[in-house]
Amino acid sequence: MSRILVVYYSRSGHTEFVARQIAARCHADLERIEDLASRDGVLGYLRSALEAIFRLRPSIQRARRRPRDYDLVIVGTPVWFWSVASPVRTWVHRHRSELDNVALFCTCGGSGHANAMDDLEALSGRPALARLALTERAVPQCQRDPALRSFLLELKRVRAVSVSLPPMQDQAPA
């Protein structure tokens, strides 16, 4: 079985929720990207916006896990102003040489996901094996979202990843 790492940043909890769902279904290790500065309140929001707009790389805590120890790294980001969240930008820049196989997911308010995913692919230096974008509205029900199922099936197809598939949207959970 492939060793998988799901690494993510989450300010509001949406991306964390999706990361936990993916990690559970892929039997993956989970690592949260930790910011060194607060993003709480209006000032935190403004700092986040400016960092995204100007594609800055803020300081983050050192990772506990090494991406080179994994066969697949799944990177998750919220979309900030049609871009990758700046702590994720820092993490990918820091670990770029260790990323052989990547898959990507993002959460967004409604738009900007394609740009953020393209940006993440460019930052990692390789095309994603699979991509998933979910709106904040879809996050609470993502376990039953066909997009999550398609993402997991694509990972299974390209990397022979062992996954626990969510039920189809019209099926009741067992």
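J.: Before we go on, may I ask you to explain the side chain of threonine 107 in this structure?
T.: By the secondary structure assignment, threonine 107 is in strand E5 (residues 102–108). Polar side-chain contacts of threonine 107 include one of 2.6 Å to the side chain of threonine 15.

J.: Even after reading the chapter, I still don't get the packing of helix H1 (residues 14–26) against helix H5 (residues 146–159), so can you show me in this structure?
T.: Across the interface, H1 lies against H5 with an axial gap of 12 Å and an inter-helix angle of 40°. In terms of their interaxial angle, H1 and H5 are classed as oblique. Remark: the crossing between H1 and H5 carries right-handed chirality. Together, Ile22, Arg25 and Cys26 of H1 and Leu148, Phe151, Leu152 and Leu155 of H5 make up the contact between the two elements. Its residues placed into classes, the contact of H1 with H5 shows six nonpolar, no polar and one charged.

J.: Please explain the pairing of strand E6 (residues 131–135) as it appears in this structure.
T.: Side-chain direction in a regular strand flips from residue to residue, so the side chains alternate between the two faces of the sheet. Residues of E6 alternate between two faces, with Leu132 and Leu134 buried on one and Arg131, Ala133 and Thr135 left unburied on the opposite face. Alignment of E5 against E6, held across five bridges, turns out to be parallel. Bridged to cysteine 108 within E6 is threonine 135. For the crossover that starts at E5, traverses helix H4 (residues 113–124) and ends in the parallel E6, the hand is right-handed.

J.: Could you clarify how one ought to interpret the nonpolar core in this entry?
T.: Burial of nonpolar side chains together is a common tendency in soluble globular proteins. By size, the foremost hydrophobic cluster in this structure holds 27 residues, and its most contacted members are Ile33, Val73, Val75, Val88, Trp91, Val92 and Leu120. Residue assignment for this core shows that the elements contributing at least two residues are strand E1 (4–8), strand E3 (72–80), helix H3 (86–95), E5 and H4. Aside from chain neighbours lying at most four places away, what touches valine 88 is Tyr9, Ile33, Val75, Gly76, Thr77 and Leu120.

J.: Whenever I open this one, the pattern of salt bridges confuses me. Can you help?
T.: Opposite charge on two side chains lets them pair, provided their charged atoms get close. Within this structure, the stated rule accounts for 15 salt bridges. Here aspartate 69 ties to arginine 66 by a salt bridge, and the two come within 3.0 Å at their closest N and O atoms. Here aspartate 69 falls in the partly exposed class, since its relative accessible area comes to 34%. Residue class for arginine 66 comes out partly exposed when judged on its relative accessible area of 43%. Each of the salt bridges in this network shares a partner with another, and the network as a whole consists of Glu16, Arg20, Arg32 and Glu34.

J.: What should I look at first to understand unusual backbone geometry in this one?
T.: Note on backbone geometry: most residues besides glycine have negative phi, and most peptide bonds are trans. In this structure, arginine 55 is a non-glycine residue whose phi angle is positive, near 55°. As for its position among the elements, arginine 55 is in the loop between helix H2 (41–53) and E3. Taking the relative accessible area as the measure of exposure, arginine 55 reaches 41% and is therefore partly exposed.

J.: For this particular structure, what's the right way to read H2?
T.: Think of an α-helix as 3.6 residues a turn; residues three or four steps apart then line up on the same face. The terminal C-alpha atoms of H2 lie 19 Å apart, and with 13 residues this matches the ideal 18 Å at 1.5 Å per residue to within 8%. Three or more residues of H2 are buried, namely Gly44, Ser48, Ala49, Glu51 and Ala52. Along H2, the residues classed as buried sweep out an arc of 165° about the axis, all on the same side. Turned more than 90 degrees from where H2 packs its buried face, Val42 and Leu43 sit exposed. The secondary structure elements touched by the buried residues of H2 are E3, strand E4 (83–84) and H3. Two residues or fewer past H2, arginine 55 is found with a positive phi of approximately 55°.

Cut-offs used in this document
Residues numbered from 1 in each chain as written. Predicted model: local features only at pLDDT ≥ 70, side-chain atom pairs only at ≥ 80, totals over all residues. Heavy atoms only, no water. Helix = DSSP H or I, 4+ residues; strand = E, 2+ residues; numbered from the N terminus. Polar contact = N/O pair within 3.5 Å; in protein donor to acceptor, adjacent residues only side chain to side chain. Axes fitted to C-alpha atoms, helices over the stretch in contact; angles between N-to-C directions. Parallel < 35°, antiparallel > 145°, perpendicular 65-115°, else oblique. Left-handed = near helix turned anticlockwise from the far one by under 90°. Contact = heavy atoms within 4.5 Å. Nonpolar A, V, L, I, M, F, W, Y, C, P; charged D, E, K, R; others polar. Buried < 20%, exposed > 50% of the residue type's maximum accessible area, 1.4 Å probe, protein only. Pairing = 2+ DSSP bridges. Right-handed = clockwise from strand over helix to strand, strands pointing away. Core = buried A, V, L, I, M, F, W, Y, C linked by side-chain atoms within 4.5 Å. Salt bridge = Lys/Arg side-chain N within 4 Å of Asp/Glu carboxyl O. Expected span 1.5 Å × (residues − 1). Arc of directions from axis to C-beta.

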